[in-house]
Amino acid sequence: MALTFDIVVVGAGHAGCEAAAAAARLGSRVAMVTLDLRHVGRLSCNPAVGGLAKGHLVREIDALGGLMARVADASSIQFRRLNTRKGLAVQSSRAQVDIDVYPRKMRAVLDAIDGLTLIEGEVAALETRSGQVCGVVLGDGTALSCSAAILTTGTFLGGVLHCGAEQTVGGRVGDDAAHALSRSLGELGLRLGRLKTGTVPRLDGRTIDWDALEVQDDTYPDGRFSFAAPEEKLPQVDCHVVHTHEGTHELIRGALDRSPLFTGAISGRGPRYCPSIEDKVVRFPERERHLVFLEPEGLNTHRVYPNGLSTSLPVDVQEAMIRSLPGLGDAVILQPGYAVEYDFADPRDLGHDLQHRDVRGLYLAGQVNGTSGYEEAAAQGLIAGISAATGEAFHVERDEAYMGVLVDDLVSRGVGGEPYRMFPSRAEHRLLLREDNADRRLMPRGRALGLIDDATWARFEAKREAIERGRSALRDTLVKPLPEVREALEARGLGGLKKPSTAEELLRRPDATWTDVVAVAGMPELPADAAEQLEVDTKYAGYIDRAQRRAASARKMEHVSLPSDLDYRALTALSSEVRERLAEARPETLGQAARLPGITPAAVSVLAAVLAKRRAS
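Residues numbered from 1 in each chain as written. Predicted model: local features only at pLDDT ≥ 70, side-chain atom pairs only at ≥ 80, totals over all residues. Heavy atoms only, no water.

Visitor: I'd love a proper account of the overall build of the chain, names of residues and values included.
Guide: Each helix and strand counted, the chain has 21 helices and 24 strands in total. With respect to the principal axes defined by its C-alpha atoms, the chain has extents near 80 × 75 × 50 Å. Long-range pairs, those at least 24 residues apart, make up 71% of the contacts in the chain between residues at least 6 apart in sequence. When the accessible surface of the chain is summed, it comes to about 25,500 Å², and 49% of that surface belongs to carbon and sulfur atoms. Within the chain, the 85 negative side-chain charges are centred at a point lying 6 Å from the centre of the 75 positive side-chain charges. (Helix = DSSP H or I, 4+ residues; strand = E, 2+ residues; numbered from the N terminus. Contact = heavy atoms within 4.5 Å. Areas by Shrake-Rupley, 256 points an atom, 1.4 Å probe, with all protein chains shown as cover. Lys, Arg positive; Asp, Glu negative; His and termini not counted. Charge placed at Lys NZ, Arg CZ, Asp CG, Glu CD.)

Spelled out as structure tokens, the structure:
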């Protein structure tokens, strides 16, 4: 049997869902193939969306018309703002979501998209003709003809699960692995490596002494990711906090000889910034305790996710470790923690559209590119889906979005032998890339593509108009040092006013808010989201202006293309190490070359001189 599509998406995780939805909504006939249709959009690890920098990605996905933010909002059972004691540039959102509701909502959204067909089966091989993808073959022999394939295989390529000495073939617990496809990719010449990730034991919440535990604070019940009109929220729940202690650490140290991480059973390297508990105990011996968040997995389940206790230790050690913690003396493990080792493809072989440079029509997105996290995967899936459907590279710049930083880091630097995770520190233009302005940065691009619906666009235009109306009022309103004005300012703890000032100057005071200025200066009321944007723009105007100038300077290098036939090894003015790095990476622009590890400003100057000489000759 043969079926014909424009695009076949392999995998139905977060990358696959975004890729398939975007491509189908842009007019392509899309098939999304998954091993088990019951697991579409499944939350394989923690039941949460967002986090540091990850919240930025979720909002950017939404601003471009993606799915994750709306589905997360519809299934959120707790919402928090992180880093609220720090500047706006690094504040992020995180939602605890219902582990059953999220995939159910995602499946409903996908089922409603015209041109998208979901198929249950295993993709065993890719077919190519003259270096171009022409189809995929399923394990039962079914052929799916296509001109593009998007691989979003997560941890399923060559997946092996580890729990103590026990090893099981699989991409996650309860699912098989994709070994045939891994072999097929190797035969096509893709550079494959091994990585490792892990998950925590799941606990029975009925066996936990909740009264002995600290409730997690700093929740934000009205919080949401999406810029679309708000919908009714699910009931909200509490998460709790507990800490490991020296007794817990002694148990772990005493069992390291049974841990596959330390016996050599696992060769793949795990995520540095989300290590297993045994990694933490070994790498940070000076730490007397480690934080663990007890997160309910949903409203209709007793399962609890102890975030911070990722492990592949044997089950008996996991039980002893869990029961050593306060409030968990009688806790029952419903599913042991485990590590999963899997194949990934070197992302340095991809362009910024996430298309493989040597196999036309082959796109890769998500953990198959060596990343970790639902949000990183979804962002890549959206970019790959748009690029495959339009036939043009959907290139997001580093000063335009966190997803631009993500993709550029992957294709320029690779993952460095460990799963890549997005952080605010990776974004050099992060003051420009705040969560609050993701719509202003990206929604016009999403609208131009046709991925933003009329209602969402109308909300955006109304917000933008309100911001401009408020900005004009700030500049045109003069506040005089009258007695009633001074009294109003002092009543709000803002100090006096010695000379006439504009409302804009008042708002620039560090402790002044838009609400204060409205009360004192008689400003017009604005919607909360517009007022927030206006306040940020006003207070940070000087910093933002400098950041924009730096971004403009950096972007100049991004527009200086490097010839594809440039022989770096012949550039004797460069050191042998620099020549080797450039020859391997084959950067597309001068800016991309400048960000490669080991490439000095002097080396960039040499490249610029070479380009100038080539243009002159």
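Additional details are given in the paragraphs that follow.
Visitor: Residue-level account of the pairing of strand β9 (residues 132–138), with values.
Guide: Counting buried residues in β9 gives five out of seven residues, a clear majority hidden from the surface. Here strand β8 (residues 123–129) pairs with β9 via six bridges, running antiparallel. Across the sheet, arginine 129 pairs through a bridge with glutamine 132, a residue of β9. Between β8 and the antiparallel strand that follows it, β9, lie two residues; serine 130 among them carries a positive phi value of about 55°. Where β9 lies against strand β10 (residues 143–145), three bridges are found, and the strand directions are antiparallel. Bridged to valine 137 within β10 is alanine 143. (Buried < 20%, exposed > 50% of the residue type's maximum accessible area, 1.4 Å probe, protein only. Pairing = 2+ DSSP bridges.)

Visitor: Could you give an account of the pairing of strand β6 (residues 92–97), naming the residues involved and the relevant values?
Guide: Successive residues of a regular strand alternate their side chains across the two faces of the sheet. Most of β6 sits inside the fold, with six of its six residues counted as buried. Burial of β6 is two-sided: the residues Ser92, Arg94 and Gln96 facing one way and the residues Ser93, Ala95 and Val97 facing the other way are all buried. Where strand β4 (residues 48–50) and β6 come together, three bridges link them in antiparallel fashion. Bridge pairing in β6 places glycine 50 opposite arginine 94. In this sheet, β6 lies alongside strand β5 (residues 76–82) in antiparallel orientation, the contact comprising six bridges.

Visitor: Explain the environment of glutamine 236 to me, and be specific about the residues and the numbers.
Guide: With respect to the helices, strands and loops of the structure, glutamine 236 is situated in the loop between β16 (214–215) and β17 (240–243). Taking the relative accessible area as the measure of exposure, glutamine 236 reaches 33% and is therefore partly exposed. Taking the C-alpha atoms as reference points, glutamine 236 and valine 33, separated by 203 residues in sequence, lie 34 Å from one another. Those residues in contact with glutamine 236 that sit more than four places away from it in its chain are Ser76, Ile77, Gln78, Phe79 and Pro221. Looking at glutamine 236, its side chain comes within polar contact range of the main-chain oxygen of serine 76, at 3.3 Å. (Polar contact = N/O pair within 3.5 Å; in protein donor to acceptor, adjacent residues only side chain to side chain.)

Visitor: Explain the environment of valine 536 residue by residue, including any values.
Guide: Position of valine 536 among the secondary structure elements: in helix α17 (residues 528–539). Placed 23 residues apart in sequence, valine 536 and threonine 513 show a C-alpha to C-alpha distance of 9.8 Å. With sequence-adjacent residues up to four places away left out, valine 536 is seen in contact with Leu88, Arg434 and Ile544.

Visitor: Quick one: what's the story with the packing of helix α2 (residues 54–63) against helix α12 (residues 438–449), residue by residue and with numbers?
Guide: Put simply, α2 and α12 touch, their axes get as near as 7 Å, and they point 35° apart. Of the two possible hands of crossing, α2 and α12 adopt the one that is right-handed. Of α12, the residues touching α2 (which contributes Arg59, Glu60 and Ala63) are Ala438, Asp439, Arg441, Leu442, Met443 and Gly446. Residues belonging to the contact of α2 with α12 are distributed by class as follows: four nonpolar, one polar and four charged. (Axes fitted to C-alpha atoms, helices over the stretch in contact; angles between N-to-C directions. Left-handed = near helix turned anticlockwise from the far one by under 90°. Nonpolar A, V, L, I, M, F, W, Y, C, P; charged D, E, K, R; others polar.)

Visitor: I'd like to hear about the sheet that holds strand β7 (residues 116–120), residue by residue, with values.
Guide: Taken together, five strands build an open sheet; the order of strands is β7-β3-β2-β11-β22 and the sheet is parallel. Here the strands that pair on one side only, and so sit at the sheet edges, are β7 and β22 (362–364). Here the strands of the sheet are splayed against their neighbours by 20° on average, with no regard to which way each runs. Pairing analysis gives five bridges linking strand β3 (residues 30–34) to β7, with the strands arranged parallel. Within the sheet, the bridge partner assigned to valine 33 lies in β7 and is isoleucine 119. The strands touched by helix α10 (residues 374–390) within the sheet are β2 (7–10), β11 (148–151) and β22, with β11 carrying the most contacts at an inclination of about 175°.

Visitor: Give me the lowdown on the nonpolar core, citing residues and values where you can.
Guide: Met32, Tyr102, Leu110, Leu116, Leu181 and Met403 are the most contacted members of the largest nonpolar core, which totals 109 residues. Per-element accounting of this core gives the leading share, nine residues, to α10. (Core = buried A, V, L, I, M, F, W, Y, C linked by side-chain atoms within 4.5 Å.)

Visitor: So what's going on with the packing of aromatic side chains? Which residues, and what values?
Guide: Here the distance between the centres and the angle between the planes together describe a pair of aromatic rings. The full count for this structure, using the stated rule, is four aromatic pairs. Aromatic side chains tryptophan 457 and phenylalanine 460 sit 5.1 Å apart centroid to centroid with 40° between the ring planes, which places their arrangement in the tilted category. Highlighted residues: tryptophan 457 and phenylalanine 460, both in helix α13 (residues 454–476), separated by three residues, approximately one helical turn. Through a chain of ring-to-ring contacts, the aromatic side chains of Phe79, Tyr220 and Phe225 assemble into a single cluster. When the ring centre of phenylalanine 227 is taken as reference, the NZ or CZ atom of arginine 59 above it lies at 4.5 Å. (Phe/Tyr/Trp six-rings, centres within 6.5 Å; stacked < 30°, edge-to-face > 60°. Lys NZ or Arg CZ within 6 Å of the ring centre and 35° of its normal.)

Visitor: Give me the lowdown on the pattern of salt bridges, citing residues and values where you can.
Guide: Following the criterion strictly, the structure yields 48 salt bridges and no others. Across the salt bridge formed by aspartate 409 and arginine 413, the nearest N and O atoms sit 3.9 Å from each other. Taken as a pair, aspartate 409 and arginine 413 lie in helix α11 (residues 402–413) at a separation of four residues, close to a single helical turn. Taking relative accessible area as the criterion, aspartate 409 reaches 2% and is therefore assigned buried. Through salt bridges with shared partners, a single ionic network connects Arg398, Asp408, Asp409, Arg413, Glu428, Glu558 and Arg595. (Salt bridge = Lys/Arg side-chain N within 4 Å of Asp/Glu carboxyl O.)

Visitor: Break down the side chain of histidine 39 for me, citing the residues and quoting the values.
Guide: Note that histidine 39 resides in the loop between β3 and β4. Looking at histidine 39, its side chain comes within polar contact range of the side chain of aspartate 175, at 3.2 Å.

Visitor: Tell me what's going on with the sheet that holds β5, and back it up with residues and numbers.
Guide: Pairing in this open sheet of three strands is antiparallel, and the strands run β4-β6-β5 from one edge to the other. Every interior strand has two partners, whereas the edge strands, β4 and β5, have only one. Going from strand to strand, the sheet's axes swing by 20° on average, the running direction of each strand aside. Where α2 meets the sheet, its contacts fall on β4 and β6, and the angle it forms with β4 comes to roughly 80°.

Visitor: Got a sec to walk through the environment of glycine 198? Specific residues and values, please.
Guide: Position of glycine 198 relative to the elements: it lies in strand β14 (residues 192–199). Given a relative accessible area of 17%, glycine 198 falls into the buried group. Residues glycine 198 and glycine 270, 72 residues apart in the sequence, show an inter-C-alpha distance of 8.0 Å. When near neighbours in sequence (up to four residues on either side) are disregarded, glycine 198 contacts Cys45, Ser310, Tyr338 and Ala339.

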